[in-house]
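Here is what each chain is made of, one letter per residue.
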Amino acid sequence: MKYPNPTFLQKAAGIKKKRHTRAIVISAVIAVMGLILAFISWGAHMQDIYRSEFPDMVGAGTSSSGASDETSTTASEETTTEETTTETSQTGLAPVVATTAEIPADNATDDTTAQDNTADPLTSFDPVTFRTSHPIQTISHEDRDVLLDSVKQQILDYMSDNEDERISFRYVNLASNETLGLNDLTPVIPAGAWALPLNIVYCERVADGYISPITQQMFSGEEAPGNNSFIVDNYEPGKSFYLGTCAELSITHNDSLALSWLTDHLGGSDDVWSDIAPISSYVDYSRTITYTDYTGTVIRGSGRTCVYDLTSYMEYLYYGYINTPDTYLPLIGAMSISEMPTPYTTSFGTDATILHVCGRNEESNSYTDVAIIDGDEPLIIAISCECSSYDRACTIMADLSGYLQQYIASCHA
């Protein structure tokens, strides 16, 4: 029997051991490389997530010492949430120091400065008190009639001297029922002054339980149908408003968007007109009217009224408030805190109580102001004019109401 060569066995065992070791090393290398690749892949994935969730923070913690002042300036211009200040020595070799400026409070976007979209509480109005007595006139009734004719002639002369302007005037005395009207049946565009009869209907329907003042309306970013809106100018979309607040804003700020919302919640213009018409409807607001404007152009359109109707609505409100103050306080109260200026203050002064509603239509250059004035005598005045500008309209209203104030003062001299 032959035995294996010991040398051959040793060589074979060595070869086997080398192959085994080589296999282990290769497997270990492959495993390590796999782990490295997996780690790199995981890191890239997490960086993508970090970049997507915090885009403004990517690169915020790094800076280059060799960056030029121009590069730093560009970076500061492109960044809206941080401001980086770069300080370098005169040699240009000093390290770059990055500091983050504090964001001003009014530019912050956190929840503490976000708009509160819930409806604001309704305003609680203090009762408005009219005088229960007024000074007795010191002149005879015959002399008063003469003075009233003089006022009428003054206004007629004023209109004749300004033929290129279209002016309507009406005065009603709440103590004596004395009246004076010139062009008071002429169709006019009331614009925001239409909030007067509309709010009368609103107050009565709230009192009757047909509508709630806490009905909510959300501002969705729509444009105002007129030329003025406090809501559009001061709020972002998403803000909710109570219907009572809309009624108030239509008076205090002449807000055309609030007025349109109020009209919609009351059932639309035609439905509202059915309640307004029995008060006064010499000019039918719901029908198309044909007339000539101040430029001589023939106009056809609906949504017109006249100062005769407007003074009738204000007189209706005056006596309605005296008899049932709770019903009409939301309207009278809003008029008492109105932020819209009136030229009647120039004539009657600040001692008189002036509650007014005004309207401005810049496209048609039509301006209207109707007011209750409680001074030496309680009265209603309504003036509407089509002219070159709002400033000119204020001058006309101040002049004509000035004639009336002088007449009332003369009756008590």
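The rules we used
- For every chain, the first residue of its written sequence is number 1, and the numbers climb from 1 along that sequence.
- In keeping with the model being predicted, local features are shown solely for residues with a pLDDT of at least 70 and side-chain atom pairs are shown and tallied solely at 80 or more, while totals for entire chains, interfaces and linings include all residues.
- To obtain the side-chain values, all non-hydrogen atoms of the structure were used and water was disregarded.
- Secondary structure follows DSSP: runs of H or I at least 4 residues long count as helices, runs of E at least 2 residues long count as strands, and numbering of each begins at the N terminus.
- Exposure classes here rest on a 1.4 Å probe applied to the protein chains alone. A residue is buried below 20% of its type maximum, exposed above 50%, and partly exposed in between.
- By the convention used here, residues are in contact when the closest approach between their heavy atoms is within 4.5 Å.
- All accessibility values rest on the Shrake-Rupley procedure with a 1.4 Å probe; residue burial counts only the protein chains present in the view.
- A carboxyl oxygen of Asp or Glu within 4 Å of a side-chain nitrogen of Lys or Arg is what we treat as a salt bridge.
- Only Phe, Tyr and Trp rings take part, Trp by its six-membered ring, and two of them pair if their centres are within 6.5 Å. Stacked means planes under 30 degrees apart, edge-to-face means over 60, and tilted covers everything else.
- The criterion is that NZ of a Lys, or CZ of an Arg, lies within 6 Å of the ring centre and within 35 degrees of the ring normal, and then a charge sits over that ring.
- Note on geometry: axes are lines fitted to C-alpha atoms, helical ones only across the stretch in contact, with angles between N-to-C directions running from 0 to 180 degrees.
- An angle below 35 degrees is treated as roughly parallel, one above 145 as roughly antiparallel, one from 65 to 115 as roughly perpendicular, and anything else as oblique.
- Note on convention: the crossing is left-handed when the near helix lies turned anticlockwise from the far helix by less than a right angle, right-handed when the turn is clockwise.
- Residue type decides the class: Asp, Glu, Lys and Arg count as charged, Ala, Val, Leu, Ile, Met, Phe, Trp, Tyr, Cys and Pro as nonpolar, and the leftover types, Gly among them, as polar.
- Strands qualify as paired when DSSP identifies two bridges or more between them.

Engineer: Any chance you could explain the overall build of the protein chain here in plain terms?
Structural biologist: Across its full length, the protein chain carries 12 helices and 9 strands. Burial status across the protein chain gives 38% buried among its 413 residues. Look at the contacts in the protein chain between residues 6 or more apart in sequence, and 65% of them connect residues 24 or more apart. Accessible surface for the protein chain amounts to roughly 23500 Å². Of this, 52% is attributable to carbon and sulfur atoms.

Engineer: Any chance you could explain the pattern of salt bridges here in plain terms?
Structural biologist: Pairs may arise between side chains of opposite charge once their charged atoms sit close together. Summed over the entire model, instances satisfying the criterion amount to 9 salt bridges. A salt bridge links Arg 205 to Asp 271; the shortest N-O distance between them is 3.5 Å. Note that Arg 205 is positioned in helix 4 (residues 195-207) and Asp 271 in helix 8 (residues 269-276), a separation of 66 residues in sequence. With a shortest N-O distance of 2.7 Å, Glu 362 and Arg 360 are connected by a salt bridge. If you follow the salt bridges from partner to partner, you end up with Arg 144, Glu 178 and Glu 377 in one network.

Engineer: I tried to follow the packing of aromatic side chains on my own but got confused; where do I start?
Structural biologist: The description of two aromatic rings rests on the distance between their centres and on the angle between their planes. Applying the stated criterion to the full structure yields 13 aromatic pairs. With centroids separated by 3.6 Å and ring planes inclined at 5 degrees, the aromatic side chains of Trp 194 and Tyr 285 adopt a geometry described as stacked. Taken together, the residues span a long stretch of sequence, with Trp 194 in the loop between strand 2 (179-182) and helix 4 and Tyr 285 in the loop between helix 8 and strand 5 (289-292) at a distance of 91 residues. A single burial state applies to Trp 194 and to Tyr 285, both of which are buried. Plain terms: the ring middles of Trp 194 and Tyr 313 are 6.1 Å apart, the flat faces sit at 80 degrees to each other, and that makes the pair edge-to-face. Of this pair, Trp 194 sits in the loop between strand 2 and helix 4 while Tyr 313 sits in helix 9 (residues 307-323), placing them 119 residues apart in sequence. With respect to burial, Trp 194 and Tyr 313 carry one shared label: buried. Members of the aromatic cluster, connected to one another through ring pairs, are Phe 130, Tyr 318, Tyr 319 and Tyr 321. Just above the ring of Tyr 390 sits the side chain of Arg 360; from NZ or CZ to the centre is 3.8 Å.

Engineer: Is there a simple way to think about the side chain of Thr 245 in this case?
Structural biologist: Among the structural elements, Thr 245 can be located in helix 6 (residues 243-252). Judged by relative accessible area, Thr 245 falls into the buried class, the value being 13%. Each residue touching Thr 245, except ones within four places of it in the same chain, is listed here: Asp 120 and Leu 122.

Engineer: What am I meant to see in the packing of helix 4 against helix 6 here?
Structural biologist: Angle between the axes and distance between the axes: these two values describe a pair of packed helices. Closest axis-to-axis distance for the helix 4/helix 6 pair is 10 Å, and the angle between their directions is 155 degrees. On the basis of the axis angle, helix 4 is roughly antiparallel to helix 6. Along this stretch, helix 4 crosses helix 6, giving a crossing that reads as left-handed. Of the residues in helix 6, those in contact with Ala 195, Asn 199 and Tyr 202 of helix 4 are Leu 243, Gly 244, Ala 247, Ser 250 and Ile 251. Of the residues that constitute the contact of helix 4 with helix 6, the class distribution is 5 nonpolar, 3 polar and no charged.

Engineer: Can you walk me through the pairing of strand 2 in this structure?
Structural biologist: Looking along a regular strand, one sees side chains alternate from face to face of the sheet. Here strand 2 shows a clear split, with Leu 180 and Leu 182 buried on one side and none of Thr 179 and Gly 181 buried on the other. Taken together, the 4 bridges between strand 1 (residues 166-173) and strand 2 define a ladder with antiparallel strand orientation. Paired with Tyr 171 across the two strands is Leu 180, which belongs to strand 2. Between the antiparallel neighbours strand 1 and strand 2 lie 5 residues, among them Asn 177 with a positive phi of about 65 degrees.

Engineer: Could you clarify how one ought to interpret the packing of helix 9 against helix 10 (residues 325-336) in this entry?
Structural biologist: At a minimum axis separation of 8 Å, helix 9 and helix 10 run at an interaxial angle of 125 degrees. The orientation of helix 9 relative to helix 10 falls into the category oblique. The element helix 9 and its partner helix 10 pack so that their crossing is left-handed. Side by side, helix 9 and helix 10 meet where Met 314, Tyr 316, Leu 317, Gly 320, Tyr 321, Ile 322 and Asn 323 of the first sit next to Pro 325, Tyr 328, Leu 329, Leu 331, Ile 332 and Met 335 of the second.

Engineer: What should I look at first to understand the side chain of Ser 240 in this one?
Structural biologist: Counting through the fold element by element, Ser 240 comes out in strand 4 (residues 240-242). In contact with Ser 240, other than residues within four places in its own chain, are Asn 117, Thr 118, Ala 119, Asp 120, Gln 216, Gln 217 and Met 218.

Engineer: How should I be thinking about unusual backbone geometry in this particular structure?
Structural biologist: The phi angle of most residues is negative, glycine excepted, and most peptide bonds adopt the trans form. Even without a glycine there, the phi angle at Asn 177 is positive, about 65 degrees. Here Asn 177 shows up in the loop between strand 1 and strand 2. A positive phi angle, close to 50 degrees, is found at Ala 191, a residue other than glycine. With respect to the element layout, Ala 191 can be found in the loop between strand 2 and helix 4.

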